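Structural characterization, general
Here is how the chains run, residue by residue.
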Amino acid sequence: MPPVFAHGRLRLYLLKLLDEAPRHGYEVIRLLEERFQGLYAPSAGTVYPRLAKLEAEGLVTHATEGGRKVYSITDAGRAELADRGGELADLEVEIRDSVTELAAEIRDDVRGAAGDLRREIRAAASASATRVEDESWKAAKEDLRKARQEWKEQARRAKDESRRAREEAQQARRQAKEAQERAREEVQRIAGQLQEQFARSGGVLGSLAGAWLGGAPAAGSADASAAGADGDAGRASQWAADLAATGDPARDLDRLLDRFRDEVRDAARDRGVTSAQVAEARRHLEAACGRLGTTFGAGS
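Since the model is a prediction, treat every value here as computed from it, not as a measurement. (Residues numbered from 1 in each chain as written. Predicted model: local features only at pLDDT ≥ 70, side-chain atom pairs only at ≥ 80, totals over all residues. Heavy atoms only, no water.)

1. Observations regarding helix α3 (residues 44–56)
- Counted at 1.5 Å a residue, the expected span for α3 with its 13 residues is 18 Å, and the 18 Å between its end C-alpha atoms agrees.
- Three or more residues of α3 are buried, namely V47, L51 and L54. The buried residues of α3 occupy an angular sector of 65° when the element is viewed end-on, so they sit on one face. Set apart from the buried face of α3 by more than 90 degrees, the exposed residues are G45, K53 and A56.
- Check the buried side of α3 and you find it contacts α1 (9–20), α2 (25–35), β2 (60–65) and β3 (68–73).
- Positive backbone phi, approximately 80°, marks G58, located one or two places after α3. (Helix = DSSP H or I, 4+ residues; strand = E, 2+ residues; numbered from the N terminus. Expected span 1.5 Å × (residues − 1). Buried < 20%, exposed > 50% of the residue type's maximum accessible area, 1.4 Å probe, protein only. Arc of directions from axis to C-beta. Contact = heavy atoms within 4.5 Å.)

As structure tokens, this is what we get:
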């Protein structure tokens, strides 16, 4: 039998099931069997140790109801699930492939059994042509009919599950891409606002904003203020445009934040910065962090 879950994937899928609703261990096993249309059912020795390990890591917790443990996902578990959204989409594709492979194995087994049965029937017919219509022949034909019917039903269920898994994976990819675009737009919008605020403050802060956003005019002049106000949208939309999307929203956000940190640090090193300017920068960055937190909260 081909492996149903790659290394570490069952752990991620257990978090997904518990994120849907609190469940006891037997219910988790039953749900996994349903997701695989009866083609795969993990044993208690597979599921319960992993639930215990997740609880030890602080990702799930349990309460006792009616003498049974009911497991629930924690905030830490939801955070890990959110961080691995792209990997979860890939897991749905892997499950679809596993269902297809399991169905293929069942189909091959049924075909092999049917072939053996046909050979046995031919041998019996050759040995006794006058008895081809006796009870054993009828039973063999009925067994063959049932085997064919069972194979058709399993193939149909595997096909339906494969289609559902493909649709869910496509939806997960679309949601991940939309979240990435929202994050990028918010970072660009805040970048424009920070540039305008830094430009108004003058001195090194204006220079830092200019270095970050691609060479804005020096702060402190009326022309610089006007140029900053009129060009915010254009510069913000072009900033970090060379960073192509990777398909992983969390990684793309890290790259944007790394670019911001490096450019501001380089500008401060080249021009110098005072304690008062650092305090003012702290206020601006605190406001930006709050807006980004609100944005990510709205996109979840």
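2. Observations regarding the packing of α2 against α3
- Packing of α2 against α3 leaves a shortest axis separation of 10 Å and a crossing angle of 125°. By the criterion of interaxial angle, the relationship of α2 to α3 is oblique. Relative to α3, α2 is oriented so that their crossing is right-handed. Here α2 contributes G25, Y26, V28, I29 and L32 to the contact with α3, which in turn contributes A44, V47, Y48 and L51.
- Residue classes in the contact of α2 with α3 are distributed as eight nonpolar, one polar and no charged. (Axes fitted to C-alpha atoms, helices over the stretch in contact; angles between N-to-C directions. Parallel < 35°, antiparallel > 145°, perpendicular 65-115°, else oblique. Left-handed = near helix turned anticlockwise from the far one by under 90°. Nonpolar A, V, L, I, M, F, W, Y, C, P; charged D, E, K, R; others polar.)

3. Description of the nonpolar core
- Counting 23 residues, the largest nonpolar core has L14, L15, L18, V28, L32 and V47 as its most contacted members.
- Looking at this core, the elements with two or more residues in it are α1, α2, α3, β3 and α5 (85–127).
- Among the elements that make up this core, the one with the highest residue count is α1 (seven residues).
- Within the second largest apolar cluster, ten residues are counted, among which are I190, W239, L256 and A288. (Core = buried A, V, L, I, M, F, W, Y, C linked by side-chain atoms within 4.5 Å.)

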